[in-house]
Amino acid sequence: MLFSHELSVGNRIVDSEHKKLHGIIKGIANIIADGELTALPKEFELLENSLCAYFVVEENIAQEINFDFSQHKLAHQYLLNNFKRIRDELMAKNGMWSKFEEDGYIYSLMVYLDRHIKVDSKSLKAVLDSQLYDFKSN
């Protein structure tokens, strides 16, 4: 669950947001593994808030470079909905999950984020690769 170079989209700000999201998911993984149920809602709230902030950053950059963001916006909603579904399933189980389920939830969180970065962001990455890595919107 390491953030690797292959996950770079060619922009320092977006890559930084992706790394931050990876870190939050690692925090959720630790909470799940440790069975710290009281900390789980707060960590998922942090994930959701961070995702929404990331969405705004990415959309602002897309507008600045005249990138059609309509499909990517749908991908953002899909990602957020899946994270909320996983949160709801975990909360409904109230800590009563098997090690297999625990691993599955952790894996799913990371796969959804990595898929978003690698697949959903592919067309945006193509455009960002032509910009300076430090490019940011106004």
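For the structure given in this document, a descriptive report is provided here. Small disclaimer: the values here were computed from a predicted structure and weren't measured.

Reading the values: rules and limits
- Residues numbered from 1 in each chain as written.
- Predicted model: local features only at pLDDT ≥ 70, side-chain atom pairs only at ≥ 80, totals over all residues.
- Heavy atoms only, no water.
- Helix = DSSP H or I, 4+ residues; strand = E, 2+ residues; numbered from the N terminus.
- Expected span 1.5 Å × (residues − 1).
- Buried < 20%, exposed > 50% of the residue type's maximum accessible area, 1.4 Å probe, protein only.
- Contact = heavy atoms within 4.5 Å.
- 1 Å grid on protein atoms, 1.4 Å probe; cavity = no way out; pocket = protein on both sides within 12 Å on 5 of 7 lines; lining within 4 Å.
- Points joined across faces, edges and corners; volume = space filled by probe spheres on them.
- Nonpolar A, V, L, I, M, F, W, Y, C, P; charged D, E, K, R; others polar.

What follows is about helix α2 (residues 40–64). With 25 residues, α2 extends 36 Å from end C-alpha to end C-alpha; this agrees with the ideal 36 Å at 1.5 Å per step. Residues of α2 that are buried include every one of Leu40, Glu43, Phe44, Leu47, Ser50, Leu51, Tyr54, Phe55, Glu58, Ile61 and Ala62, and no others. Where α2 is buried, its residues contact α1 (12–34), α3 (70–93), α4 (99–120) and α5 (122–128). Following α2 by one or two positions, Asn66 has its phi on the positive side, about 60 degrees.

Turning to the side chain of Ser121, a few remarks are in order. Residue position: Ser121 is located in the loop between α4 and α5. If near-sequence neighbours (up to four positions away) are discounted, Ser121 is found in contact with Val9, Tyr54, Glu58, His72 and His116.

With that settled, the discussion passes to α4. Residues separated by three or four positions in an α-helix point in the same direction, a consequence of the helix having 3.6 residues per turn. With 22 residues, α4 ought to run about 32 Å at 1.5 Å a step, and its terminal C-alpha atoms sit 30 Å apart, in line with that. Buried residues of α4: Glu102, Tyr105, Ile106, Leu109, Met110, Leu113, Asp114, His116, Ile117 and Asp120, and no others. Looking at the buried positions of α4, the neighbouring elements they touch are α1, α2, α3 and α5.

It is worth spelling out empty space enclosed by the protein at this point. Under the counting rule described, the total for this entry stands at 1 cavity of 30 Å³ or more. As for the largest cavity, its lining consists of Phe44, Leu47, Glu48, Leu51, Leu80, Phe83, Lys84 and Arg87. Going through the elements one at a time, α2 and α3 are the ones with two or more residues in the lining of the largest cavity. Its residues assigned to classes, the lining of the largest cavity comprises 5 nonpolar, no polar and 3 charged.

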